[in-house]
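Summary of the model geometry
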Amino acid sequence: MCTFEAVASAISVSGLVKTFGSTRALDGLDLEIAPGEVHGFLGPNGSGKSTTIRVLLGLLRADEGSARLLDGDPWHDAVALHRRLAYVPGDVSLWPNLTGGEVIDLLGRLRGGIDTQRRDDLLKRFDLDPAKKARSYSKGNRQKVALVAGLASDAELLLLDEPTSGLDPLMEVVFQDCILEAKDEGRTVLLSSHILAEVESLCDRVSIIRLGRTVQSGTLSELRHLTRTSLAVETVRPVTGLDQLPGVHDLATDGGRVRFDVDTASLDTAVRHLSGFGIRALTSNPPTLEELFLRHYGDEVEQPDQPDQPDNPGRHRSDRQPV
Amino acid sequence: MTTLTGTGAMVRLVLRRDRIRLPVWVLAVVALLMSSVASVLSLYASPAERRSYAVAVGDNPVAVMMGGPGAGLPSIGAIVVFEIAVLGYVAAGLMSALLVVRHTRAEEEAGRTELLRAGVVGRHAGLVAALAVVAGANLAVGALMLAGSVALGLPVVGALALAASLVAFGLVMAGVAAVAAQVTEHPRGASGLAVAALGLFFVLRATGDVAESGLSWASPMGWALALRPFAEERWAVLVLPLVLGAGLVAAALALVDRRDVGAGLVSARPGRPTASRWLSGPLGLAVRQHRASLAGWAAGLLLLGLAYGSVGDSVEQLVSDNPDLAAFFAASGTSLVDSFFAVAASFMALIGAGFALQVATRMRSEETAGRLEPLLGTAVPRWRWAASHLLVAVLGSTIVLGLAGLGLGLAHAVLTDDPAQVGRLTAAVLVYAPAVWTLIGVVAALFGLLPRAVGAVWAVLAVCAFLVLLGETLRLPDWTMDLSPFQHTPQLPAEAWSPGPLLMLVAVAAVLVAAGLVGLRRRDLTA
């Protein structure tokens, strides 16, 4: 649909360091995003997501490392780059005496113009009253103002910093539709979040950061092989020997019922083993990013088997804090 | 009383939040006043000096406008009252009004009141706690003033009356601010209303005292002086401010009962669903943000100018009635009317500078409120955004000064039937524009280089005001006086016009703005 200037990479960040006094907010962060990609940027509060985005916007100057945005330098070419991107902050504060509609128009014009058709369409979809003063908007409505302003632009890159933090589930669906449309139009999206379901359904690739450093980056399927599937099985004969299999965790037996987690790599072996006992019923919960996420930020359950996971470069055992 | 439940805890919260701010306010007010008291005592130690002071100022309308009716001159206590009382009322009034709004409407707009009211806290607890703390601050000012004055050897009864008049006026202003905080949804609007009331009190008293018309009795500031510290004190007058203060507080409490949390008495109406053509750039936004306040300040200063202009004529009457005074001014080589207008001009220029700083310091509050970030996320260069606010500050303050001068000139021209006065007196106020721009430059430089210290510019203005209002009286050394940009401005129409110092001030302002913009380009944005 839209055609954007060809760029080698939408965002390319390596070894980014930013300190505030004695706090090291970014500690060698890496981030690679290809044009047209929807990229999930995951991390707990205070891990450096917003700081990274502020550096990318040229609001903060990096202490070390390099950051490139749409083939430009985010600090020196800030204004030129901002014509090509739209930013939605996570905590939106607006001018109390301006209406939502005025703020949307203003932000659009400051970027170089606004598509009024698209704006009106988005206002309708997000069910936002543009005639209300910003002072009287709830957090969710302030968020919608920023989202409509960002999405109504024809920017080729969307930087969204926890954009759905105040939205209700209905509006989250609208938001997801909008992001998928943006993707179809060939835009690049950086979506920072700690809502994993959102990232899972929208993103091509995901980077997980913690303490200012990227701990994992890849496609969802690449990351999923690091996750486990939960199985609950009812068998004709009592299951034995399951605890001898590699990759089986948290085994709980209750008569003819067995519950356990299994590394996705060992799933096949486990199911073959089970079928020997006559499977009556089997439910499996697919691996979720939720779980992956938990394991990065402290999950005592998986600590015992940490040493036999040499293929998992992203885990920093020493960083893990006890829960 | 259930509506007061939690007042104690709220008092502790206010004290905790302002554990630095409160002592600073109290000590700053006391230090400002006591340093002046000490200087007055040392300057006018001998009876001869006091007599010549009384002759020079007693019937001088310029002095009466700034100092009050001067009851009891030439006693040393009366000189102290003449020099510091009005300044003290303004300082205590500002302290009370700003602190009350800070702990009522500002909290409410920030949404913190809602959080507290959801707990076991009565409807009136927040307002009563704020008023209790502010009353305490006023009492502290009064107690320290009493102790200091007595320690410097002033009569105890008079010192007590002076301290009581300060406390009483502070309490009235706390009440005014408490009502103002119920009326508008916006803390800025509430402080604006309260400060406008303070200005009105001053103008009523100043015109009443100069014209000896009894108009001063319409002003709480007039009541405070009518207590006559050091001049056969009339203690009964104290009833007036105390009754008014109590009435205002009662009104504010009743208003709290009648409105929703977060709402004002003036409810918000729906606005435009789309932005007008004007709101399409940083300058349009800056104009939009400041236009209401510009209109308010412009109207206020126009009225103040008209008020000063309309008493200028009676100054001439007074001089012809008083041969001593006529001789004094004949010796100094300037006309009394002109020196009256020169003082009025410098006074209005200081107020206009307040507007300029309000606009310019908005840059910092926009940044800390997080509203700068989405703007700079668009294709707006930092310097253009800052320049927009600075331009509004420069042009807006120039408009405000021009209108103040226009009011002064129009009123005087009508009374003297001399149209030439319009241009002459407009110039007398407008000539201060470069001095005001210099202060804007100070804000710009601080914002770019030391953003956390932007608020210090208000202290700079306070020092300028101190030097303009009291510098001559206190016979401060020249180098101290030269620190104020106002000092370098020719005092039209009493002094001759000279462009040199003005060009120098413009150059200083330009350098400061340039330094600020360069600094802003290089620094991190802080949230």
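Residues numbered from 1 in each chain as written. Chains lettered and ligands numbered in written order. Predicted model: local features only at pLDDT ≥ 70, side-chain atom pairs only at ≥ 80, totals over all residues.

Turning our eyes to something else, we now look at the domain arrangement of chain B. Residues and elements named next belong to chain B. Segmenting chain B into domains produces domain 1 (1-265) and domain 2 (280-527). One C-alpha centre belongs to domain 1, the other to domain 2, and the line joining them spans 25 Å. If you list the elements that add at least two residues to the side of domain 1 that touches domain 2, you get α2 (21-43), α3 (47-57), α4 (61-67), α5 (76-103) and α10 (187-211). (Domains from an automatic or database assignment. Helix = DSSP H or I, 4+ residues; strand = E, 2+ residues; numbered from the N terminus.)

What follows covers unusual backbone geometry. All names here are of chain B. With an omega of 5°, the peptide bond between L73 and P74 qualifies as cis. When you line up the elements, P74 lands in the loop between α4 and α5. The amide bond that connects L492 to the next residue, P493, takes the cis arrangement and shows omega of -5°. Topologically, P493 is positioned in the loop between α21 (478-481) and α22 (499-522).

All names here are of chain A. Residue alternation in strand β5 (residues 85-88) divides its side chains into two sets, L85 and Y87 and A86 and V88, and both sets are buried. Pairing analysis gives four bridges linking β5 to strand β6 (residues 157-161), with the strands arranged parallel. The residue bridging L85 from the neighbouring strand is L157, located in β6. (Buried ≥ 20, exposed ≤ 12 C-beta atoms within 10 Å, placed from the backbone. Pairing = 2+ DSSP bridges.)

Further remarks concern the interface of chain A and chain B. Listed per partner, the contact involves 30 residues of chain A and 28 residues of chain B. Per-element tally for the side of chain A that touches chain B: the top contributor is helix α3 (residues 100-111) of chain A, with eight residues. (Contact = placed C-beta atoms within 7 Å.)

A separate point is the sheet that holds β5 of chain A. In any sheet, the strands associate via hydrogen bonds between backbone groups, in a parallel or an antiparallel arrangement. All names here are of chain A. With mixed pairing, six strands are arranged side by side in an open sheet as β5-β6-β7-β3-β8-β9. Pairing within the sheet leaves two strands with one partner each, and these edge strands are β5 and β9 (213-219). The sheet shows a mean angle of 15° between the axes of neighbouring strands, direction not considered. Of the pairings in the sheet, the one linking strand β8 (residues 205-210) to β9 comprises six bridges and is antiparallel in character. Each bridged residue has a counterpart across the sheet, and for I208 the counterpart in β9 is Q216. Sheet strands touched by helix α1 (residues 49-56): β3 (38-42), β6, β7 (188-193) and β8. Its angle to β6, the strand with the most contacts, is close to 145°. Sitting on the sheet, helix α6 (residues 169-184) touches β3, β6 and β7, and the angle it makes with β7 is about 150°. (Axes fitted to C-alpha atoms, helices over the stretch in contact; angles between N-to-C directions.)

Residues and elements named next belong to chain A. With eight bridges connecting them, strand β1 (residues 11-20) and strand β2 (residues 23-33) associate as antiparallel partners. Bridge pairing in β2 links L16 to L29. Taking the residues that link successive antiparallel strands as the turn, the β1-β2 hairpin has two residues, and the phi of G21 there is positive, at about 60°.

What follows deals with α6 of chain A. All names here are of chain A. With 16 residues, α6 should reach 22 Å at 1.5 Å per residue; the first-to-last C-alpha distance of 23 Å fits that figure. Within α6 the residues assigned to the buried category are M171, F175, C178, I179 and A182. The buried side chains of α6 occupy one side of the element, clustering within an arc of 100° when seen end-on. Looking at α6, the residues exposed on the side facing more than 90 degrees away from the buried face are P169, L170, V173, D177, E181 and D184. At its buried positions, α6 is contacted by β3, α5 (139-151), β6, β7 and α7 (196-202). Just past α6, the residue G186 takes up positive phi, approximately 90°. (Expected span 1.5 Å × (residues − 1). Arc of directions from axis to C-beta.)

With that out of the way, let us pick up the domain arrangement of chain A. Taken domain by domain, chain A consists of domain 1 (11-222) and domain 2 (228-286). A separation of 42 Å is found between the C-alpha centroids of domain 1 of chain A and domain 2 of chain A.

This part takes up the confidence of the model for chain B. Summary statistics for chain B give a mean pLDDT of 91 and a share of 96% for residues scoring 70 or more. Across the whole predicted complex the pTM is 0.78, and at the interface the ipTM reaches 0.75. (pLDDT = per-residue confidence, 0-100.)

All names here are of chain B. Ranked by internal contacts, the top residues of the largest apolar core, which has 240 residues, are A177 and I440. For this core, the element with the highest residue contribution is α5, accounting for 20 residues. In this structure, I440 is in contact with A356, A360, L390, A393, V394 and A509, ignoring residues within four places of it in sequence. (Core = buried A, V, L, I, M, F, W, Y, C linked by C-beta atoms within 7 Å.)

Moving on: helix α18 (residues 420-430) of chain B. Along an α-helix, residues three or four positions apart point the same way, because every turn accommodates 3.6 residues. Those residues of α18 of chain B lying buried are Q421, L425, T426, A428, V429 and L430 of chain B. Those residues of α18 of chain B that are buried lie in contact with α15 (336-368), α17 (382-416) and α19 (433-449) of chain B.

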